[in-house]
Amino acid sequence: MCKIYKEVLRLVSEETEISPILIQSKSRLDDAVNARQMVAYFCSRAEMSPRNIADKLGISRQAVCQKIATIGDKRMLKSFEFNFKRIENEFAKIFPEQK
């Protein structure tokens, strides 16, 4: 699980140009919040449990479930969708067996 998390965190950090430290922080900056949401979403796609994701991000399991469930709302934002698509393409290369 740790390997999946590290790879997803690296991918999101590279594509969004937000440091892993900021992504994992409690920062409320929109870019950091969005990056955290993408990490939660893509970790779940790689079959990490919400509990494991929560432990890695330092947030509650409920917060992780909310981030995963509301990703569609964020995708309506043009800048979010641009980064999301790039990450999704790279994710498919790294984790080809995941949907």
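Residues numbered from 1 in each chain as written. Predicted model: local features only at pLDDT ≥ 70, side-chain atom pairs only at ≥ 80, totals over all residues. Heavy atoms only, no water.

### What about the packing of helix α3 (residues 30-45) against helix α5 (residues 61-69)?
Part 1 of the reasoning: α5 packs onto α3 with a crossing angle of 90 degrees between their chain directions and a minimal axis gap of 9 Å. Between α3 and α5, the angle is such that the two are roughly perpendicular. Of α5, the residues touching α3 (which contributes Val33, Arg36, Gln37, Ala40, Tyr41 and Ser44) are Val64, Lys67 and Ile68.
Part 2 of the reasoning: Grouping the amino acids of the contact of α3 with α5 by side-chain chemistry returns five nonpolar, two polar and two charged. (Axes fitted to C-alpha atoms, helices over the stretch in contact; angles between N-to-C directions. Helix = DSSP H or I, 4+ residues; strand = E, 2+ residues; numbered from the N terminus. Parallel < 35°, antiparallel > 145°, perpendicular 65-115°, else oblique. Contact = heavy atoms within 4.5 Å. Nonpolar A, V, L, I, M, F, W, Y, C, P; charged D, E, K, R; others polar.)

### Brief notes about the confidence of the model for the protein chain
Part 1 of the reasoning: Mean pLDDT for the protein chain: 94, with 98% of residues reaching 70 or above.
Part 2 of the reasoning: Mean pLDDT across the secondary structure elements of the protein chain bottoms out at helix α6 (residues 71-74), with 92, and peaks at helix α2 (residues 20-23), with 98. (pLDDT = per-residue confidence, 0-100.)

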